[in-house]
Amino acid sequence: MILLVILQYNLFAQNLKRIDSLQYKLKAIPMDTNRVKVLCELGLELQNSEPDKAIQYVDEGLKLSIKLKYKKGEGFCLNRIGVLYENKGDFAKSLMYLSQSLSIRKKIGDPVSIASTMHNIGIAYENIGMYDSALHYYVEDARIKEKFTDKRDLAGSYIGIGSINDIEGNFQTSLKYYRQALLIYSSYKDSAGTSIAYENIGDVHKNMNSNDSALFYYFKSARILNNMNNLAELANIYNNIGAVYEEKHKYQDASNYFIKSLKLHSQLGNQQGITEVNANIGVLFQSQGKFDIALKYYLVALDTAKKIKARESLLLINRNMAEIYFNQKKYLEAYSYFKSYSDLNDTLSNEQKNKKISELQIKYETDKNLRQIAAEKEIGAQRARERNILLVSTILILLLSIVIIYNYKQKINANSLIAKKNEEINSQKINVLLTEQDIKFASALIEGQEQERKRIAEDLHDRLGILLSTIKLHFSAINSDIKSKIWPSIKQSTIAEKLLDDAFVEVRQIAHDLASGTLTKSGLVVTLKDLKIAIEHSRRIKFNLDTYHMEERFDSQIEITIYRTLQELIGNALKHAAASEITVSLNRYDKELNIIVEDNGIGFNKSLAYASDGIGLKNVETRMKSIGGELTIDSLPEKGSTIIINVPLS
């Protein structure tokens with residue numbers, strides 16, 4: 001025990017000496033890339049003792065890197081800040097910084113740093129329970145590391161993949177990756193890593209109720225830990241072994257290993273471990289009907305749990321003690337402990353609920369009446385159907401008008417103008433078809449989006465209205481020229497002119513009808529949720545929408561621009577990427593909004609996309625520039641797409 005204290009003191013003293021040395025060095029070093037490295041080293045040394053101060057140092061390094069245009073330092077600082085927020089439990093901020101780091105590191109093209117950031121993103125997603133996303137980044141991390149000569153880091157990636165599969169009940173897949181990690185650790189004679197792999201394999205077997213196999217791997221891990229004199233981890237392994245023996249109803253063996261674990265935790269002064277093991281021993285004797293002995297251990301566990309505020313342990317102990325006293329017909333004591341259990345359970349439930357809301361922005365509204373939602377959806381669908389009928393009718397009339405004009409012009413124009421006119425007509429047809437797709441997409445929303453409806457209304461009024469007016473002027477001029485010609489031609493021209501008048505009236509009416517919606521009324525998040533419902537209603541694609549710290553509204557112009565941009569990107573994924581899943585994440589941090597749009601489609605070549613005649617990406621880039629936003633695109637053919645947008649909110 002004395003030796004352990006001396007070792008801990010020596011490590012602490014060495015750490016302080018290292019921090020003092022770096023702070024002294026910082027005073028003399030100029031504003032260059034070496035200063036960035038020292039600031040990041042300080043952040044690393046302070047991450048456990050003073051995490052807020054660590055963030056300040058690394059943030060200073062980030063600002064200096066940006067000023068120096070030192071991209072490698074910028075990517076490193078962003079990654080480090082992301083890890084620091086990850087350690088603090090603020091996973092929303094962590095993901096924002098890590099995604100920015102990944103974007104920069106991909107541009108630099110350093111596979112080692114890319115893999116490191118992907119692994120950290122996987123950890124953040126795992127901690128907030130988004131296991132599909134975590135698994136995606138762990139797998140991408142592993143794919144990069146598989147190409148490295150040194151495979152030690154790859155073992156850590158396999159541990160991450162195994163952990164997610166274990167959580168989701170994919171036990172055989174989990175074992176496969178844990179065993180691959182074990183092979184790597186063994187080949188490098190990494191005792192610590194090997195013990196971790198054995199312990200994880202034992203955990204999977206325990207979850208599969210394969211208790212003999214679980215014990216086999218736990219004992220292998222315990223032997224390594226004992227040789228390493230790693231008492232803290234050995235205490236945890238003994239506790240696990242005791243739990244397995246209890247499952248096997250080998251109560252004496254279970255008691256022996258629980259006592260071993262308890263002695264080690266007591267030797268190390270680990271109050272959390274002391275609490276958990278005493279509670280486990282209490283459960284062991286309670287399951288045997290030895291209530292008095294169980295109460296003895298529960299009372300010790302209760303005392304330490306109160307001191308360290310181990311509320312999960314308090315919950316278990318109070319519930320089990322209430323059950324014992326009830327069985328002993330000591331109803332007053334039973335009531336007292338059950339009340340403590342009930343009060344604490346309510347508190348924990350409320351805290352967990354609030355935490356989930358703040359971190360994940362629960363993806364559904366619990367206070368909405370389901371019937372009301374269904375009714376609103378039906379009303380929205382009915383309105384959409386009515387608008388579609390009107391819009392399709394108008395567009396058909398317009399197409400018919402264009403065909404009539406084209407045919408008539410073909411008769412009277414010189415052969416030299418035919419090719420030019422064909423090009424114009426084709427361009428008009430493309431515009432009409434694109435407009436039809438935009439309108440159908442917007443009409444599929446439940447209440448429609450305010451600014452998108454205004455845009456469509458303006459397009460109908462300004463573009464199609466002017467076009468129809470121009471066509472009418474041409475017909476008037478033509479009529480004056482053909483009065484002396486055949487009567488049927490005059491009659492056909494008059495009919496066409498009447499159809500154009502009707503189309504013009506319909507366009508104005510539709511433009512007026514579309515001038516209402518929910519974007520300005522309810523905000524960006526609500527409108528995107530409606531969009532999610534509408535898209536998933538088609539059953540063609542899975543749409544994930546994650547929002548963090550998005551309670552406050554933005555400036556209306558920013559909301560409109562962001563919504564149009566997201567609609568453009570989502571539309572591209574639907575029409576061109578052949579994606580089966582789209583994920584849109586929005587995170588607000590201080591004076592910046594971070595947006596990530598991911599799909600699992602066929603991807604695209606950025607250079608070819610910009611060089612082509614398509615205006616989708618150019619529109620997105622132009623819109624972002626209008627509000628000071630930055631756009632980063634990561635896509636390769638057959639690899640899906642990730643688009644990151646950062647928008648200043650000052």
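Residues numbered from 1 in each chain as written. Predicted model: local features only at pLDDT ≥ 70, side-chain atom pairs only at ≥ 80, totals over all residues. Heavy atoms only, no water.

Colleague: How should the sheet that holds strand 3 (residues 592-599) be read in this particular structure?
Modeller: Here five strands make up an open sheet; going across it, the order is 1-2-3-5-4 and the pairing mixed. Looking at which strands have only one partner, the edges of the open sheet turn out to be strand 1 (542-548) and strand 4 (630-635). Neighbouring strand axes in the sheet, compared pairwise and without regard to direction, differ in orientation by 10° on average. With eight bridges connecting them, strand 2 (residues 581-589) and strand 3 associate as antiparallel partners. When the bridges of strand 3 are listed, Ser-585 appears paired with Ile-596. (Pairing = 2+ DSSP bridges. Helix = DSSP H or I, 4+ residues; strand = E, 2+ residues; numbered from the N terminus. Axes fitted to C-alpha atoms, helices over the stretch in contact; angles between N-to-C directions.)

Colleague: Explain the pattern of salt bridges to me, please; I cannot follow it from the model alone.
Modeller: Side-chain pairing between opposite charges can occur once the charged atoms of the two side chains come close. Throughout the structure, instances matching the rule amount to 15 salt bridges. Linking Asp-150 and Arg-152 is a salt bridge whose minimum nitrogen-to-oxygen distance equals 2.8 Å. Owing to a relative accessible area of 36%, Asp-150 belongs among the partly exposed residues under this scheme. Classification of Arg-152 by relative accessible area gives partly exposed; the value is 43%. One salt bridge connects Glu-568 with Arg-623, and the closest N-O pair in it is separated by 3.4 Å. With Glu-568 in helix 24 (residues 556-575) and Arg-623 in helix 26 (residues 616-626), this residue pair connects regions lying 55 residues apart in the sequence. (Salt bridge = Lys/Arg side-chain N within 4 Å of Asp/Glu carboxyl O. Buried < 20%, exposed > 50% of the residue type's maximum accessible area, 1.4 Å probe, protein only.)

Colleague: I tried to follow the nonpolar core on my own but got confused; where do I start?
Modeller: Generally speaking, nonpolar side chains in soluble globular proteins are found buried as a group. In this structure, Tyr-238, Ile-241, Ile-281, Ile-317 and Met-321 are the most contacted members of the largest nonpolar core, which totals 43 residues. Elements that contribute at least two residues to this core include exactly helix 11 (211-228), helix 12 (231-247), helix 13 (251-268), helix 14 (271-287), helix 15 (291-308), helix 16 (311-327) and helix 17 (331-360). In terms of residues, this core owes the most to one element, helix 12, which gives eight residues. (Core = buried A, V, L, I, M, F, W, Y, C linked by side-chain atoms within 4.5 Å.)

Colleague: Looking at this structure, how should I read the packing of aromatic side chains?
Modeller: The geometry of an aromatic ring pair is captured by the separation of the ring centres together with the interplanar angle, meaning the angle of the planes. According to the stated counting rule, one finds 12 aromatic pairs in the structure shown. Summarising the aromatic geometry, the rings of Tyr-158 and Tyr-177 are spaced 5.6 Å apart at their centres and angled 55° between planes, so their arrangement reads as tilted. Taken together, the residues span a long stretch of sequence, with Tyr-158 in helix 8 (residues 152-167) and Tyr-177 in helix 9 (residues 171-187) at a distance of 19 residues. Both residues of the pair, Tyr-158 and Tyr-177, belong to the buried class. Plain terms: the ring middles of Tyr-245 and Tyr-257 are 5.9 Å apart, the flat faces sit at 25° to each other, and that makes the pair stacked. Here the residue Tyr-245 occupies a position in helix 12, and Tyr-257 occupies one in helix 13, the gap between them amounting to 12 residues. Accessibility expressed as a relative area gives 11% for Tyr-245, which makes it buried. An aromatic cluster of at least three residues, connected via ring pairs, comprises Phe-219, Tyr-238, Tyr-245 and Tyr-257. Cation over ring: Lys-260 sits above Tyr-238, and NZ or CZ is 5.5 Å from the ring centre. Sitting over the ring of Tyr-297, Lys-296 keeps its end group 5.7 Å from the ring centre. (Phe/Tyr/Trp six-rings, centres within 6.5 Å; stacked < 30°, edge-to-face > 60°. Lys NZ or Arg CZ within 6 Å of the ring centre and 35° of its normal.)

Colleague: What is the right way to look at the pairing of strand 3 in this model?
Modeller: Looking down a regular strand, the side chains alternate between one sheet face and the other. With seven of its eight residues buried, strand 3 lies for the most part within the structure. Where strand 3 lies against strand 5 (residues 641-648), eight bridges are found, and the strand directions are antiparallel. Bridged to Val-597 within strand 5 is Ile-643.

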